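So the chains spell out like this:
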Amino acid sequence: MLKISGLTTSYGSIKAIKGIDLDVPEGSIVSLIGANGAGKTTTMKSLVGLLKPQAGQIKFLGREIQGLAPHKVVNLGMSLVPEGRNILAGMMVLENLEMGAYQRKDKEVKADLEKVFKRFPILEERKQQLGGTLSGGQQQMLAIGRALMARPKLLLLDEPSMGLAPLVVADIFRVIQEINQEGTTILLVEQNVRQALKIAHYAYVLETGKIVLHGKAEEVARNPRVMEAYLGGAKAKT
Amino acid sequence: MFWQQLVNGLTLGSTYSLVALGYTLIMGVLNIINMAHGEIFMFGAFVGLFLVTYLKVNIFVAMAGAMVAGALLGTLMEIVALRPLRRRAVSELAPLISTIGVSIFLENLALKIFGPQSQAFPSGALSGAEMQLGPVRISLVQIVILGISFGLMFILRFWLSKTRVGKAIRTTAESIETANLLGINTNKIILLTVALASGLGGIAGVLVGLSINAVEPTMGLSMGLKGLAVLIFGGMGNITGAMLGGLILGIAEVFTVAYGASSYRDAVAFGIIILILFIRPQGIFGSSTRQGGRF
Ligand SMILES: Nc1ncnc2c1ncn2[C@@H]1O[C@H](COP(=O)(O)OP(=O)(O)O)[C@@H](O)[C@H]1O
Ligand SMILES: [Mg+2]
């Protein structure tokens, strides 16, 4: 569904990612893991057109999309839930969700809104409240719900568990898995490596802008280097 | 006396509100002060004047014409002076300087086209009729100004809060990046917002030109400064703040004159603004954080 080759993006003269190759097969969950500053967010932003890559190719549904404006990428069926969630703090929860469906003109928007409310009942309770008044976990649910309102074929999630309490983290990962099982392909960026590898089909490890390892998620999880660096030493068993 | 002055103050203030709304909208989406707004306002006044004087159109048609002219100037400014700067990483001050350039250009252009002298609307533009409403004498000009200003503010509020495009403007005002991620073509929305803000400026020019019955190339400067003061006073990009701030400034000015301190009119009005800013540095409706709640 998504095929990235040789993707390179810089900030000024600093290359943040250097020739990344990555494949996201239709229907799968692919996890992209790596330490702080490895270039995960840069990769995600390059995919949706918020950053213009210097080199490389992004093929989405058979079409080259590198350099395409973000609203066109959304239109093709790729949505990003950004790091830090980007909730519209001064707009109501309901308006946040409506804005997710900004480009849609079909009649099923309302039905999709009901689906989001069913998935996240707390959002329905708070639909008249301003987005900024929600807790971190609720904001993450809102950000995911809002992205789903665009009916993406590929959903990109940038550190959805960041800063959340353990119980909420478990909730978020369960929801990600459900969304995938309902047919949405997912590219997941996480620092919560254990959980990310548990739900993923494939995984890529990013270090200082380069993919250093990739494969089936359970194989990556068994890799000694990954266990050492991300899973708290060799004792860690998934 | 009191009610009469209140009506006069509201009339004057509603034009300030309208001008400040133009600043506010652009501040909202682009986070810059449009220093050319006063000159767009002035151009609107001249376009209205010329439509009435030479094409002999109805004053309301002239207002619509001034609005269109303002919107066109705004569109041009966005395409020529603002958008090219957004594409590359330039200093945050660059667009501000760019709008100063546009303002100087427009003022000189007006001097060249319309000449330096002050001009008045022809006497038939709007009848000088007055009405007695209880203790208040109100002229037709005042009624038109109040009606158009409050009408436009009401429509704008409603449009921003209820329509798809209005919501897209609010989203862009909260964060251009988020708006992009949601599939909004933010260049289009910004263009629309700048055109809308400038259109409001253009029509405000005709209203003010009518009320003081004088239109001149320098009128943009003093009005621009007042609009700017209201922008800050109202809370940097808050729409309710701009509306209320304009009314307060207008009422303060009129009462200062009415109670005998006419030569201190601006001093007192701005003194009140400074005083309120001491108590609420973020403005009457501003939030102390940069996040959210703008419109
Ligand atoms: N806006 C920016 N300007 C300059 N450098 C940046 C910017 N954003 C990120 N970087 C740098 O690019 C590298 C990758 O950052 P990022 O993609 O945010 O990493 P991650 O999401 O994996 O933590 C880091 O070295 C970071 O310092
Ligand atoms: Mg990151």
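Now for a look at the structure at hand. (Residues numbered from 1 in each chain as written. Chains lettered and ligands numbered in written order. Predicted model: local features only at pLDDT ≥ 70, side-chain atom pairs only at ≥ 80, totals over all residues. Heavy atoms only, no water.)

**Things to note about the overall build of chain B**
Alright, step 1. Check the secondary structure of chain B and you find 11 helices and 2 strands.
Alright, step 2. Counting from the amino terminus, chain B carries its helices and strands in the arrangement α-α-α-α-β-β-α-α-α-α-α-α-α.
Alright, step 3. Computed over C-alpha atoms, the radius of gyration of chain B comes to 19 Å, within 12% of the 19 Å expected from 2.2 N^0.38 for 295 residues, which places it in the range of a compact globule.
Alright, step 4. Once the C-alpha set of chain B is aligned to its principal axes, its extents read approximately 55 × 45 × 35 Å.
Alright, step 5. Every one of the 295 residues in chain B was classed for burial, and the buried ones make up 53%.
Alright, step 6. When contacts within chain B are restricted to residue pairs at least 6 apart in sequence, long-range pairs at least 24 apart make up 77% of them.
Alright, step 7. For chain B, the exposed surface amounts to about 12,800 Å²; the carbon and sulfur share of it is 69%.
Alright, step 8. Within chain B, one finds 18 positive and 10 negative side-chain charges whose respective centroids are separated by 10 Å. (Helix = DSSP H or I, 4+ residues; strand = E, 2+ residues; numbered from the N terminus. Rg over C-alpha atoms; globule rule 2.2 N^0.38 Å. Buried < 20%, exposed > 50% of the residue type's maximum accessible area, 1.4 Å probe, protein only. Contact = heavy atoms within 4.5 Å. Areas by Shrake-Rupley, 256 points an atom, 1.4 Å probe, with all protein chains shown as cover. Lys, Arg positive; Asp, Glu negative; His and termini not counted. Charge placed at Lys NZ, Arg CZ, Asp CG, Glu CD.)

**Quick word on the pattern of salt bridges**
Alright, step 1. In total, this model carries 21 salt bridges over all chains according to the counting rule given.
Alright, step 2. A:Glu98 is the partner of B:Lys167 in a salt bridge, and the nearest nitrogen-oxygen pair spans 2.5 Å. Here the residue B:Lys167 occupies a position in helix H6 (residues 164-174), and A:Glu98 occupies one in helix H3 (residues 93-100), the pair thus bridging two chains.
Alright, step 3. Using a relative accessible area of 12% as the deciding quantity, one classes B:Lys167 as buried.
Alright, step 4. Put simply, A:Arg104 and A:Asp106 hold a salt bridge, and the shortest N to O gap is 2.8 Å.
Alright, step 5. Looking at A:Asp106, the relative accessible area reads 35%, which means it is partly exposed.
Alright, step 6. Because the salt bridges share partners, they merge into one network encompassing A:Arg104, A:Asp106, A:Glu108, A:Asp112, A:Lys115 and A:Arg151. (Salt bridge = Lys/Arg side-chain N within 4 Å of Asp/Glu carboxyl O.)

**Section: the layout of surface pockets**
Which parts of space are left empty comes out when a probe the size of a water molecule is rolled across the atoms.
Alright, step 1. The calculated volume of the largest pocket comes to roughly 1,400 Å³.
Alright, step 2. B:Arg86, B:Arg87, B:Arg88, B:Ile176 and B:Asn180 are, among the 35 residues lining the largest pocket, the residues nearest its centre.
Alright, step 3. Those elements giving two or more residues to the lining of the largest pocket turn out to be helix H2 (70-76) of chain A together with helix H1 (2-30), helix H3 (59-87), H6, helix H7 (176-181) and helix H8 (186-212) of chain B.
Alright, step 4. Top element by residues in the lining of the largest pocket is H3(B). It accounts for 5 residues.
Alright, step 5. Approximately 590 Å³ is the volume found for the second largest pocket.
Alright, step 6. B:Leu12, B:Val208, B:Ser211, B:Ile212 and B:Arg265 are, among the 31 residues lining the second largest pocket, the residues nearest its centre.
Alright, step 7. If you list the elements that add at least two residues to the lining of the second largest pocket, you get H1, helix H5 (140-162), H8, helix H9 (219-234) and helix H10 (239-258) of chain B.
Alright, step 8. With 6 residues, H1(B) is the single largest residue contributor to the lining of the second largest pocket.
Alright, step 9. Taken together, the residues of the lining of the second largest pocket sort by class into 16 nonpolar, 11 polar and 4 charged. (1 Å grid on protein atoms, 1.4 Å probe; cavity = no way out; pocket = protein on both sides within 12 Å on 5 of 7 lines; lining within 4 Å. Points joined across faces, edges and corners; volume = space filled by probe spheres on them. Nonpolar A, V, L, I, M, F, W, Y, C, P; charged D, E, K, R; others polar.)

**Thoughts on a nonpolar patch on the surface**
Alright, step 1. Among the surface-exposed residues, B:Met35, B:Leu93, B:Ile97, B:Ile100 and B:Ile104 lie close enough to one another that they form a single nonpolar patch of about 430 Å² accessible area.
Alright, step 2. Since its relative accessible area comes to 31%, B:Met35 is described here as partly exposed. (Patch = residues over 30% accessible without salt bridge, like charges linked within 9 Å, V, L, I, M, F, W, Y side chains within 5 Å.)

**Focus on the packing of aromatic side chains**
Alright, step 1. Taken as a whole, this structure holds 7 aromatic pairs over all chains when the rule is applied.
Alright, step 2. Relative to B:Trp3, the ring of B:Phe2 has its centre 5.2 Å away and its plane inclined at 85°; by these criteria the two rings are edge-to-face.
Alright, step 3. The class of B:Phe2 is partly exposed, set by a relative accessible area of 43%.
Alright, step 4. Residues B:Phe50 and B:Tyr54 carry aromatic rings whose centres are separated by 5.0 Å and whose planes lie at 40° to one another, so their mutual orientation is tilted.
Alright, step 5. With relative accessibility at 28%, the residue B:Phe50 sits in the partly exposed group.
Alright, step 6. Across from the ring centre of A:Tyr102, 4.1 Å away, lies the NZ or CZ of B:Arg164, which sits over that ring. (Phe/Tyr/Trp six-rings, centres within 6.5 Å; stacked < 30°, edge-to-face > 60°. Lys NZ or Arg CZ within 6 Å of the ring centre and 35° of its normal.)

**Notes on the side chain of B:Ser198**
All names here are of chain B.
Alright, step 1. As for its position among the elements, Ser198 is in helix H8.
Alright, step 2. Exposure remark for Ser198: the relative accessible area of 0% places this residue in the buried category.
Alright, step 3. Residues within four places of Ser198 in sequence aside, it is in contact with His37, Ile40, Gly70, Ala71 and Gly74.

**A word on the coordination of the magnesium ion (ligand 2)**
Alright, step 1. Protein ligation of the magnesium ion (ligand 2) involves A:Thr41 (OG1) and A:Glu83 (OE), the donor distances falling in the range 2.0 to 2.2 Å. You can see A:Thr41 sitting in helix H1 (residues 40-48) and its partner A:Glu83 sitting in the loop between strand S6 (78-81) and H3, a full 42 residues away along the chain. (Donors = N, O, S within 2.8 Å, 3.2 Å for Na, K, Ca; no water.)

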